[in-house]
Amino acid sequence: MAKTNKFSLKNVDLWYNNFQALKNINMNIPSNEITAFIGPSGCGKSTLIKSMNRMNDLVEGCKITGSIMLDDESIHGHIDVNALRKRVGMVFQKPNPFPMSIFDNIAYGPRTHGIKSKFKLNDIVEKSLRDAAIWDELKDRLKKSALSLSGGQQQRLCIARALSVQPDVLLMDEPTSALDPISTAKIEELVINLKKDYTIVIVTHNMQQAVRISDNTGFFLLGEMIEYGDTQQIFSAPSDKRTEDYITGRFG
Amino acid sequence: MMRKKPVDFILFALTWLSIIATATVLILVVGYVLINGVPHIRPSLFALQFTTQNQSLFPALMGTLMVVGLSLILAVPLGVFSAIYLVEYAKRGSRFVKIVRLTTETLAGIPSIVYGLFGFIFFGVFLGWGLSLMSGAFTVSIMILPLIMRTTEESLKSVPDTYREGSFGIGAGRLRTVMRIVIPAAIPGILAGIILAIGRIIGETAAIIFTLGNVARMPNNLFDTGRTLSAHMYALANEGTHPGEAHATAAVLLIVVILINALSSRIARLIKAS
Ligand SMILES: Nc1ncnc2c1ncn2[C@@H]1O[C@H](COP(=O)(O)OP(=O)(O)OP(=O)(O)O)[C@@H](O)[C@H]1O
Ligand SMILES: [Mg+2]
């Protein structure tokens, strides 16, 4: 089966003012697979994932060169940045529901993109919460504040919020690092289920997590991509010494 | 229960002492004003027209409400939108922002009598508005502008960036993010600033007497003169011929302030709930 690539990055360099945070990144991210980014703190994982939906635009002094193609179209070209972020959703490290009701949290995205009908919104909210495997827990309290939920529920709510605008891609930056093991397991299961409909890129510090859920893994060090390939391959027979040192825990 | 260490105990005692001291002062002041004032409150104090006999505070009460209303209409939108610009749109740490901040901080430190003189010369003389509601309200709104800007800025800054990221991340633009996410989260702080500003306007005398004037009647139009409750009190206390009415006026002023505060926090809670 021929893989199609969702993202294709060529010679991507990125600077925060004078500091080069990404150095010549070249990689393809296959559709409907889970791709994990691993590497020690400060190596540029978040920076890279944030450049895929141009969240870095918001950082003053951030400059990027090279090309990032989404479905063969440059994300820095004609495409409107808000339309890009609708297609490429994001889930953050710390769950960040808005201080409003559960319903309004999910409806915020579709409303942003022009859906007004109450009927449609109800539909979207239900479907998004179902897809994020949290509908049964929340269906009776949609009017309650989202801030009253537990951390794990909040994170699944944030995933539902990201799904509400029907993205193609889900970028997740350490989505479970602030959660307990049970919530983490739920989210991992959820992510695996989402793979059939979405392309998923996930940053993780947890090596077992990368092994458990990802198809491809990229290992980063000091802004460079050291090794990238099939997850099984990377973890069983890494070709670079530094990758091996990192995954065996002899590092940073 | 564990026994407390001496340091803990001393801190505990100090905390309580300060609370008791603060509460005592407050109760003394409020008690003094009410005990001396309330017995002198009588219907004639609320007569539509001020006369030497009735010493009615009604015109001054109306004057206060007009000045408060008009200066809020002028200062709140300007202050709130400037703060939104500074926090959400301007480049953080740019020279322009620094200059604006320095200016507002300086403005906040100027004594109100200076605002009064400026208002008198600029609005009253130069623009020819004389002693009037317009001169008064414009002067006072310049005076409270820095306060509103600062409190709004602080409350916008206290909205976590993760909210903004969440909104941008789903494809919302800056305007929508500010209007739908940031401002609602900042409303309580903004309202607190407005309440402080109202307090400052109500308590102001110097700047008011120089610009609105201190004539015991209700302004008939925007360019008419009048007085506020505080200015009215100032006049009564100065003349010293009607001590009972002066005390009664103080009590009414206090009650008005308490009412306005209660009303504002009620409004704040309503907005938060919706
Ligand atoms: N806004 C910024 N301004 C300047 N430098 C930044 C900024 N954000 C990140 N950096 C720097 O860029 C480098 C990469 O940061 P990044 O957050 O991408 O690392 P990371 O791999 O996600 O680390 P972690 O695992 O701790 O999240 C770091 O050296 C960091 O200090
Ligand atoms: Mg990171």
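Residues numbered from 1 in each chain as written. Chains lettered and ligands numbered in written order. Predicted model: local features only at pLDDT ≥ 70, side-chain atom pairs only at ≥ 80, totals over all residues.

Remarks on the overall build of chain B
Here comes step 1: A count of helical and extended segments in chain B gives 10 helices and zero strands.
Here comes step 2: The secondary structure elements of chain B, listed N-terminal to C-terminal, are α-α-α-α-α-α-α-α-α-α.
Here comes step 3: Dimensions along the principal axes, computed over C-alpha positions, put chain B at roughly 70 × 65 × 35 Å.
Here comes step 4: Within chain B, the fraction of its 274 residues that count as buried is 39%. (Helix = DSSP H or I, 4+ residues; strand = E, 2+ residues; numbered from the N terminus. Buried ≥ 20, exposed ≤ 12 C-beta atoms within 10 Å, placed from the backbone.)

A look at the domain arrangement of chain B
Here comes step 1: Looking at the assigned domains, one finds that chain B contains domain 1 (6–40) and domain 2 (55–273).
Here comes step 2: Distance from the C-alpha centre of domain 1 of chain B to the C-alpha centre of domain 2 of chain B: 28 Å. (Domains from an automatic or database assignment.)

A word on the site of ligand 1
Residue and element names in this part refer to chain A.
Here comes step 1: In the neighbourhood of ligand 1, the contacting residues comprise Tyr16, Phe19, Ala21, Gly39, Ser41, Gly42, Cys43, Gly44, Lys45, Ser46, Thr47 and Val59.
Here comes step 2: Within the residue set of the shell around ligand 1, elements represented by two or more residues are β2 (19–30) and α1 (45–51).
Here comes step 3: If one sorts the elements of the shell around ligand 1 by residue count, α1 sits on top with three residues.
Here comes step 4: Across the shell around ligand 1, the residue classes break down as five nonpolar, six polar and one charged. (Near = placed C-beta within 6 Å. Nonpolar A, V, L, I, M, F, W, Y, C, P; charged D, E, K, R; others polar.)

Points about the interface of chain B and chain A
Here comes step 1: Between chain B and chain A, the contact holds 15 residues from the first and 21 residues from the second.
Here comes step 2: Contributions of two or more residues to the side of chain B that touches chain A are made by α6 (161–169) and α7 (174–203) of chain B.
Here comes step 3: Per element, the largest residue contribution to the side of chain B that touches chain A is six residues, and it comes from α6 of chain B.
Here comes step 4: In terms of residue class, the side of chain B that touches chain A is made up of six nonpolar, five polar and four charged. (Contact = placed C-beta atoms within 7 Å.)

Brief notes about helix α3 (residues 102–112) of chain A
Here comes step 1: Across the 11 residues of α3 of chain A, eight count as buried, placing the element largely inside the fold.
Here comes step 2: Turning to α3 of chain A, its buried residues are Ile102, Asn105, Ile106, Ala107, Tyr108, Gly109, Pro110 and Thr112 of chain A.
Here comes step 3: Buried residues along α3 of chain A sit against α4 (118–131), α5 (135–138) and α6 (151–163) of chain A together with α7 of chain B.
Here comes step 4: Positive backbone phi, at 95°, marks glycine 114 of chain A, one or two positions downstream of α3 of chain A.

Notes on the sheet that holds strand β3 (residues 34–38) of chain A
All names here are of chain A.
Here comes step 1: Taken together, the six strands give an open sheet; going across it, the order is β6-β7-β8-β3-β9-β10, and neighbouring strands pair in mixed fashion. Taken across any chain shown, the strands that pair with only one partner, and hence form the sheet edges, are β6 (88–91) and β10 (224–230). In this sheet, adjacent strand axes meet at a mean angle of 15° when their direction is disregarded.
Here comes step 2: By the bridge criterion, six bridges tie strand β9 (residues 216–221) to β10 in an arrangement that is antiparallel. Within β10, the position partnered with leucine 221 by the bridge is glutamate 224.
Here comes step 3: Packing of α6 onto the sheet brings it into contact with β6 and β7 (169–173), and relative to β6 it is tilted by some 170°. (Pairing = 2+ DSSP bridges. Axes fitted to C-alpha atoms, helices over the stretch in contact; angles between N-to-C directions.)

Description of the pairing of β9 of chain A
Residue and element names in this part refer to chain A.
Here comes step 1: The buried fraction of β9 amounts to six of the six residues, a majority that puts the element mostly inside the structure.
Here comes step 2: Burial along β9 is two-sided: the residues Asn216, Gly218 and Phe220 and Thr217, Phe219 and Leu221 are all buried.
Here comes step 3: In this structure, β3 lies alongside β9, joined through four bridges in parallel fashion. Within the sheet, the bridge partner assigned to phenylalanine 37 lies in β9 and is glycine 218.
Here comes step 4: Two successive antiparallel strands, β9 and β10, enclose a turn made up of two residues, where leucine 222 displays a positive phi of approximately 50°.

Looking at the nonpolar core
Here comes step 1: Membership of the largest hydrophobic core comes to 127 residues, with the highest contact counts inside it found for Leu170, Leu171, Ile200 and Val201 of chain A together with Val67, Ile144 and Ile148 of chain B.
Here comes step 2: Apart from the residues within four sequence positions on either side, isoleucine 144 of chain B is in contact with Ser71, Ala75, Ala197, Arg200 and Ile201 of chain B. (Core = buried A, V, L, I, M, F, W, Y, C linked by C-beta atoms within 7 Å.)

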